[in-house]
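# Geometric and topological summary
Residue-level listing of the chains:
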Amino acid sequence: MDKNFPTTVSAIAAGLNAKDFSSVEITEHLLQQIAARDGELNTFITTNEEHALASAKRADEARANGNPGSLCGVPYANKDIFCTTGIKTSCASKMLDSFISPYTATAIQKMDDAGMVMLGKTNMDEFAMGSSNETSYYGAVKNPWDKDRVPGGSSGGSAAAVAADLAPCATGTDTGGSIRQPAALCGISGLKPTYGRVSRYGMIAFASSLDQGGPMAHTAEDLATLLTVMAGHDPLDATSLEQTPEDFAAALGDSIADTTIGLPDQFFNDSMNPAVAANLDDVRKTLEKLGARFKQISLPHISLAIPAYYVVSSAECSSNLSRFDGVRFGYRCDDPENLEDLYLRSRSEGFGTEVIRRIMIGTYALSSGYYDAFYRKAQQIRHLIKNDFGAAFNDVDVILGPTTPDVAFKIGEKTDDPVSMYLSDIYTTAANLAGLPALSVPSGFREQLPLGVQLIGNYFAESKILNVAHQYQQQTDWHNERPAV
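Everything numeric in this text was worked out from a predicted model, so none of it was measured.

Attention now moves to a negative patch on the surface. A grouping of Glu25, Glu28, Glu49 and Glu50 is seen on the molecular surface, where their side chains present a negatively charged patch. Taken together, the elements giving at least two residues each to the negative patch come down to α2 (23–41) and α3 (49–64). Relative to the helices and strands, Glu28 is located in helix α2. Overall, Glu28 belongs to the partly exposed group, its relative accessible area being 36%.

Following this line, the structure appears as structure tokens:
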């Protein structure tokens, strides 16, 4: 961004309050940056200058009339999995390339009601299925730190846009790590809230019992402010939880001297990358200086999280994506011979390879004779993992671990090895299986590429993990680093 414009949500809100600039001015600037630079990064699928500037103008008018919301006029980027009235929602798939939603997702409506300004819809792995943002129908997103490397997925477009300062914040979704993993690989902060904390209404489903929307930004402070706007019970979502509205930024700055942080034995073993282990040790030392206590804990079933996750998520995606049949909406093949040909060719032509692979795996796992052997067993493992976390949180307040096994890998490096790609989520899927809140914040670099560290909290403990992350960021400058333009 231009030096005259701040790059964080809190600083932009402060600048708008101080009348240092208007929402129209910073929105125009960001749209110019996207037009000039996104050609090499491919972070956006859709931008709508007219819509963005109209929203910015309304925000400036609201400020002029008094009593604006805390984020009124602040621009954001929106992952292209959230439905938006009158603007294409594609899920980065040929299947929905022409889909214009007639309604807006609840989480996005909350941001719009707060006066925030949507710059556009960001690129992603197709239907959120991927860990590298290479499965998109619109092409791979490039990591701003090294354009030969992936930004992570599936919220890679959102992460890269924030890292490159094309937007101060963005929405993301996290089914098995898809907010936290790209946040770590792009050197920003990202939060997966407790399952049900943010409404899933209007968020196109991948795996309904795992999907959770959340914010992505540079700092934990910004995440807290954004979650305050996004969270809340939604009667339109049967999985939305009734919780008292909370200001998640209120506890930022509280001492963490009485906080006990758990270190899972299963993370810290000989198979951990030495650079990742050294980075975690540096994080531990920083938090110890702030008075945090550390304790070794055990999560005995966490090694089973990856296989359990891919069975459960694939089964649910098989069910959720059955609606895309070429009949009601979405892509339809040309000149079908009969109904069977319509179904077969519409789905075969409309879905990409990874989506088809997961549908096939999920259909197999749910089929007669295999349901008990795969899906039921995966759900039993899921219950064991949830119990492991429950036991751990009897002894600790927060759990610390790596977000990713290593820094961002090169584009194309793992596309022919799905298992290796799936293992990119080895440290993140367990929190989704258990429905726990978790976040990633920047914690260092290896070979000039960002590393991130993960904090997992108990149910509804977002304020606690956000405060620990905020205190860490008050002692470090990793969140202030930016890739070269």
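So, next bit.
The tally for this structure, following the rule as stated, stands at 19 salt bridges. Among the salt bridges present, the one from Asp174 reaches Arg180, with a minimum N-O distance of 2.9 Å. We note that Asp174, like Arg180, is buried. One salt bridge in this structure joins Asp406 and Arg446, with 2.8 Å as the shortest N-O distance. Residue Asp406 is found in the loop between β9 (398–402) and α13 (418–422), and its partner Arg446 is found in strand β10 (residues 438–446); the two are separated by 40 residues along the sequence. For Arg446, a relative accessible area of 22% corresponds to the partly exposed category. When salt bridges that share partners are traced, they join Asp281, Arg284, Lys285 and Glu288 into one network.

Bringing unusual backbone geometry into the picture now. Across the junction of Gly153 and Ser154, the peptide omega takes the value 5°, indicating a cis bond. Within the element layout of this structure, Ser154 appears in the loop between β3 (117–122) and α5 (156–163). With a phi angle near 55°, Ala92 is a residue other than glycine that sits in the positive phi range. Summarising the element assignment, Ala92 is placed in the loop between β2 (75–79) and α4 (106–113). Given the relative accessible area of 0%, Ala92 is considered buried.

A complete count under the given rule lists 3 cavities of 30 Å³ or more for this structure. Lining the largest cavity are 14 residues, with Ala128, Gly130, Ser178, Tyr309 and Asp425 sitting closest to its centre. Across the lining of the largest cavity, the residue classes tally to 5 nonpolar, 7 polar and 2 charged.

Bringing the packing of helix α9 (residues 305–320) against helix α11 (residues 353–366) into the picture now. In helix packing, the relevant descriptors are the interaxial angle and the interaxial distance, both defined with respect to the helix axes. The contact between α9 and α11 brings their axes to 7 Å, and the two run at 100°. Comparing the axis directions of α9 and α11 gives the class roughly perpendicular. Contacts from Tyr310, Val311, Ser314, Ala315, Cys317 and Ser318 in α9 reach Arg358, Ile359, Ile361, Gly362, Thr363, Ala365 and Leu366 in α11. Among the residues making up the contact of α9 with α11, the classes are represented as 8 nonpolar, 4 polar and 1 charged.

This paragraph deals with the environment of Gly130. Structurally, Gly130 is set in the loop between β3 and α5. Overall, the relative accessible area of 10% leaves Gly130 in the buried class. For Gly130 and Met421, which are 291 residues apart along the polypeptide, the C-alpha to C-alpha distance reads 8.0 Å. Beyond its immediate chain neighbours, meaning those up to four positions away, Gly130 contacts Asp125, Gly153, Ser154, Ser178 and Arg358.

Another aspect to go through is the packing of aromatic side chains. Applying the stated criterion across every chain, the model contains 18 aromatic pairs. Three or more aromatic residues link up through ring pairs in this structure, and these residues are Phe99, Phe127, Phe324, Phe329 and Phe351. Cation over ring: Lys414 sits above Phe409, and NZ or CZ is 4.4 Å from the ring centre.

Let us now look at the packing of helix α7 (residues 220–230) against helix α15 (residues 462–475). Relative orientation of the contacting elements α7 and α15 amounts to 155°, with a least axis distance of 8 Å. Overall, the two elements α7 and α15 adopt an arrangement that is roughly antiparallel. Packed against α7, whose contacting residues are Ala220, Glu221, Leu223, Ala224 and Leu227, the element α15 presents Glu462, Leu466, Ala469, His470 and Gln473 at the interface. Of the residues contributing to the contact of α7 with α15, the split by class is 6 nonpolar, 2 polar and 2 charged.

Okay, the pairing of strand β4 (residues 169–173) next. The two faces of the sheet receive side chains in turn, since in a regular strand these alternate between them. Of all 5 residues in β4, 5 are buried; the element is thus mostly enclosed. Here β4 shows no split at all, with Cys169, Thr171 and Thr173 on one side and Ala170 and Gly172 on the other all buried. In the sheet, β4 pairs with strand β6 (residues 213–217) via 5 bridges, with the strands oriented antiparallel. For Thr171, the partnering residue across the bridge sits in β6 and is Pro215.

Reading the values: the criteria
- Residues numbered from 1 in each chain as written.
- Predicted model: local features only at pLDDT ≥ 70, side-chain atom pairs only at ≥ 80, totals over all residues.
- Heavy atoms only, no water.
- Patch = residues over 30% accessible without salt bridge, like charges linked within 9 Å, V, L, I, M, F, W, Y side chains within 5 Å.
- Areas by Shrake-Rupley, 256 points an atom, 1.4 Å probe, with all protein chains shown as cover.
- Salt bridge = Lys/Arg side-chain N within 4 Å of Asp/Glu carboxyl O.
- Lys, Arg positive; Asp, Glu negative; His and termini not counted.
- Charge placed at Lys NZ, Arg CZ, Asp CG, Glu CD.
- Helix = DSSP H or I, 4+ residues; strand = E, 2+ residues; numbered from the N terminus.
- Buried < 20%, exposed > 50% of the residue type's maximum accessible area, 1.4 Å probe, protein only.
- 1 Å grid on protein atoms, 1.4 Å probe; cavity = no way out; pocket = protein on both sides within 12 Å on 5 of 7 lines; lining within 4 Å.
- Points joined across faces, edges and corners; volume = space filled by probe spheres on them.
- Nonpolar A, V, L, I, M, F, W, Y, C, P; charged D, E, K, R; others polar.
- Axes fitted to C-alpha atoms, helices over the stretch in contact; angles between N-to-C directions.
- Parallel < 35°, antiparallel > 145°, perpendicular 65-115°, else oblique.
- Contact = heavy atoms within 4.5 Å.
- Phe/Tyr/Trp six-rings, centres within 6.5 Å; stacked < 30°, edge-to-face > 60°.
- Lys NZ or Arg CZ within 6 Å of the ring centre and 35° of its normal.
- Pairing = 2+ DSSP bridges.

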